[in-house]
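# What the coordinates show
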There are 2 protein chains.
Amino acid sequence: MTQPNSFSYQKLFSHAAAEPRPLGAARRGKYDFAVAYPDPASLPLDDLVSSLQPALIEEGRDLAVYGHIQGYRPLREWIANKLARDRAIHVGADDIVLGDGSGQPIHMLIETLVDPGDVLITEDFVYSGTLQQMRRFRADIRGVACDGEGMLPAVLEQVIQQAISEGKPPQFIYTVPTFHNPQGWTMSLARRKAMVALAQQYDVPILEDDCYWDLRYDGGDVPSLHALDGTGRVIYVSSFSKVIAPGMRLGYMTAPPDLLARAVAAKSGGSVNTFAAFAVHRYATGHLNSHIEEINDIQRTKRDAMLAALDEYFGPQGATWSHPQGGLFIWLQLAEGVDVAAIRDKVLETADVGYLPGNNFAPDGIAGKNRLRLCFGYNTPEEIGEGIARLAAAFREEGVLG
Amino acid sequence: MTQPNSFSYQKLFSHAAAEPRPLGAARRGKYDFAVAYPDPASLPLDDLVSSLQPALIEEGRDLAVYGHIQGYRPLREWIANKLARDRAIHVGADDIVLGDGSGQPIHMLIETLVDPGDVLITEDFVYSGTLQQMRRFRADIRGVACDGEGMLPAVLEQVIQQAISEGKPPQFIYTVPTFHNPQGWTMSLARRKAMVALAQQYDVPILEDDCYWDLRYDGGDVPSLHALDGTGRVIYVSSFSKVIAPGMRLGYMTAPPDLLARAVAAKSGGSVNTFAAFAVHRYATGHLNSHIEEINDIQRTKRDAMLAALDEYFGPQGATWSHPQGGLFIWLQLAEGVDVAAIRDKVLETADVGYLPGNNFAPDGIAGKNRLRLCFGYNTPEEIGEGIARLAAAFREEGVLG
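The shown structure was predicted, so the numbers you read here are calculated from the model rather than taken from an experiment.

## Section: the domain arrangement of chain A
Residues and elements named next belong to chain A. Considered domain by domain, chain A is made up of domain 1 (26-44 + 290-397) and domain 2 (45-286). Between the C-alpha centres of domain 1 and domain 2 there is a distance of 25 Å. On the domain 2 side, the residues contacting the 26 residues of domain 1 number 32 residues. Here the side of domain 1 that touches domain 2 gets five residues from one element, more than from any other, and that element is helix α9 (residues 274-313). Each residue belonging to the side of domain 1 that touches domain 2 can be placed in one class, and the counts come to 14 nonpolar, nine polar and three charged.

Structural data, given as structure tokens:
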């Protein structure tokens, strides 16, 4: 008799297999500034259902068939119109692929463009989900120092030249130019022009992650990198996660045809969820613009609540933080040498406040332990005020705040 | 000035990049026997919406958060109960991962277990979607000859021994044991026991793809390979695509913890679609058993219509075909030497009948051009009769049927 589960798969894993992922559910704080969630009270649940019903009457039979690999075409057409209207990006539905959030298109793209050791360039601190995919495909990730307007062009050029001199010209530059995750700044027009010029000069594509663009609370718009380029060097991704809900799992990418045909072939699971795409398409057509206005009013209030609380509890202590014109993130910097990574679990336990330490966003996973990302989307303004007060108290207790 | 889209990505593709995928929409015949669709007239559209509504009232706020990577837990619990009840597979919700159809879990698993050149074993003709993933990760795919009860055990053992003698012990055996795609047979209990015994003897895991199990029209049940093993060597995948709808994009896999933790890390796009999972969970709890009884009555009639039409139009001509007890497929074999692959597009054009030639299901992509897979799920019984008559006429015209 063999023993139950006596077999080990250890010797069978491929060289390209992803490292094991811890499968426990992450503990969340009552004051949950850790993850980029939208306001749960203003999710358009009723409107999603009432949008879904006519779609099922009109096209429900098509749930019986396997959809096109690029996803439900009417939603791709809606996106093409939106991109033209909002971002001066002129592409057709055939140039767009839908994915499970923006994460799946980013994954497809990295898999398509990255061999182990290939150089990728990004900000000195950037969205950790993309970093995880870059690491998984064993990229050599190089961060570029930023100020409050984005990457410093001279540093970016130096990093590109260095990689070229090593015989490893960068595969692409990844950037979140608008309401940056986690740093909160928006890349200025001058910086965008400089980045596009360098991309053209050194023949390096750009992956523009514009997931937060719709969430502007004040200030004026800045053109997309895609619109400033016009040579096919800019790949553009965005998502409905922040303007409708993450649980709808709908994002999208547009890229030139030669790249798209290969990235799409790396897509896992066939067409994106048609049931959800029906609801999002009808909802976007009828309701999305007014919904965005509504949630931006709510999130502006939340941002202001967090900024006011930071002024009150962190201001006198030598800490600094970003003042975002939109998005979901404030980037808080404490004194050099303190470590908020080491005390994260303890603060979550004792103060019930969640945050992500800066090193989560560092290409090397180490830098930035005196920084943290605070998301203001999930809690109410009152909870945000309380949570920041509790965070300051916990930090003082742990000796990381004066 | 640079030219629009003057940039070529050609030099940037990774060695592991998937081959480009043709992005045009495939033409479908009026008589569409080509793809495994369920009956479009009996999709439970109203019940899905009425199942979704209470879920959104109870848990809709959770759409604001990023779900667990393994997917909506109550649906995983429902699946664990179903697997215990129907297949004597005793696992917990933590042992299950939801994916976009069964295709995504299969993709994750192949990526996790296959290096270029690794040997995988499967039937001599098998589901083309899995073959595509195997090819993408450059597996050395070896087919095992089958009769009407599945792989011939002596041939399977020989293929295993051959691979071992080459220093390439097989990474796993992939099989669709119940209502086989495309061959239509169901593996007998004796064959299942023999396959499990060989897997244990030679230490080769089995990937059991049981997507059609619920669709039984007559005959008695046969135990799952998973239940016959009990050593952790059998990985099990299934899906809601055939019992609810492909457009819901919900499938699942259970595997031992060491393998699951790595396969899940290869998952693209985060948690499976929560919006669709809400609807499927509530629908499965309240309606699925009676729905399956209803669609099985419908599909039994369709199968019988196709078998009767084959008797009438192909019977006198020396063709042979499978008589499935369930599922969606009939496997039709014409005389040796004829080629139905070469005339597929023409038959689709002239007769408006779609089918997939046998070589689509061959590990080498070449064998089986005198065979074809006919799916009876989509058309009405009357259309099935007409379609088979048209197919026979077209085949006679092309000289492939006497």
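## Structural notes on the sheet that holds strand β12 (residues 329-333) of chain A
Residue and element names in this part refer to chain A. Reading across the sheet, the four strands line up as β11-β12-β15-β14 and stay open at both edges, with antiparallel pairing between neighbours. Either end of the sheet is taken by a strand with one partner, and the two such strands are β11 (320-321) and β14 (356-357). Pairing between β11 and β12: two bridges, direction antiparallel. Within the sheet, the bridge partner assigned to Trp-321 lies in β12 and is Leu-332.

## Here's the deal with the nonpolar core
Most often, soluble globular proteins have nonpolar side chains that are buried together. Counting 265 residues, the largest nonpolar core has Val-280 and Cys-375 of chain A together with Val-280 and Cys-375 of chain B as its most contacted members. Not counting the four nearest positions on each side in its chain, Val-280 of chain B is found in contact with Leu-75, Phe-240, Ile-244, Met-248 and Leu-250 of chain B.

## What about the interface of chain A and chain B?
Across the boundary between the two partners, chain A contributes 81 residues, which contact 81 residues of chain B. For the side of chain A that touches chain B, the secondary-structure elements that each account for two or more residues are α1 (45-59), α3 (103-113), α8 (257-265) and α9 of chain A. Of the residues belonging to the side of chain A that touches chain B, the class tally is 39 nonpolar, 30 polar and 12 charged.

## Notes on the relation of the copies chain A and chain B
For the pair chain A and chain B, the superposition axis carries a translation of 0.0 Å, the fit reaches an RMSD of 0.0 Å, and the rotation angle comes to 180°. When the rotation and shift are considered jointly, the pair of chain copies conforms to a two-fold rotation axis. When the interface residues of chain A are mapped onto chain B, 100% of them again fall at the interface, so both copies present the same face.

## Considering helix α2 (residues 73-87) of chain B
Residue and element names in this part refer to chain B. Over its 15 residues, α2 runs 20 Å from end to end, which matches the ideal 21 Å to within 8%, given 1.5 Å per residue. Within α2, burial applies to Leu-75, Arg-76, Ile-79, Ala-80, Leu-83 and Arg-87. The buried side chains of α2 occupy one side of the element, clustering within an arc of 145° when seen end-on. Summarising the geometry of α2, the exposed residues directed more than 90 degrees from the buried face are Asn-81 and Arg-85. Residues of α2 that are buried sit in contact with β2 (96-99), α7 (225-229), β10 (251-254) and α9 (274-313). Just past α2, the residue Ala-88 takes up positive phi, approximately 55°.

## Some details on the sheet that holds strand β8 (residues 206-209) of chain A
All names here are of chain A. An order of β2-β10-β9-β8-β7-β3-β4 is seen for the seven strands of this open sheet, with the pairing classed as mixed. At either margin of the open sheet sits one strand with a lone partner, and together these are β2 (96-99) and β4 (140-144). On average, each strand axis in the sheet is inclined to that of its neighbour by 20°, with strand direction left out of account. Here strand β9 (residues 234-239) runs beside strand β10 (residues 251-254); their pairing, made up of four bridges, is antiparallel. Along β10, the bridge assignment pairs Val-237 with Met-253. The strands touched by α3 within the sheet are β2, β7 (172-175), β8, β9 and β10, with β10 carrying the most contacts at an inclination of about 40°.

What counts and what doesn't
Residues numbered from 1 in each chain as written. Chains lettered and ligands numbered in written order. Predicted model: local features only at pLDDT ≥ 70, side-chain atom pairs only at ≥ 80, totals over all residues. Domains from an automatic or database assignment. Contact = placed C-beta atoms within 7 Å. Helix = DSSP H or I, 4+ residues; strand = E, 2+ residues; numbered from the N terminus. Nonpolar A, V, L, I, M, F, W, Y, C, P; charged D, E, K, R; others polar. Pairing = 2+ DSSP bridges. Core = buried A, V, L, I, M, F, W, Y, C linked by C-beta atoms within 7 Å. Buried ≥ 20, exposed ≤ 12 C-beta atoms within 10 Å, placed from the backbone. Least-squares fit on C-alpha atoms with pLDDT ≥ 70 in both. Expected span 1.5 Å × (residues − 1). Arc of directions from axis to C-beta. Axes fitted to C-alpha atoms, helices over the stretch in contact; angles between N-to-C directions.

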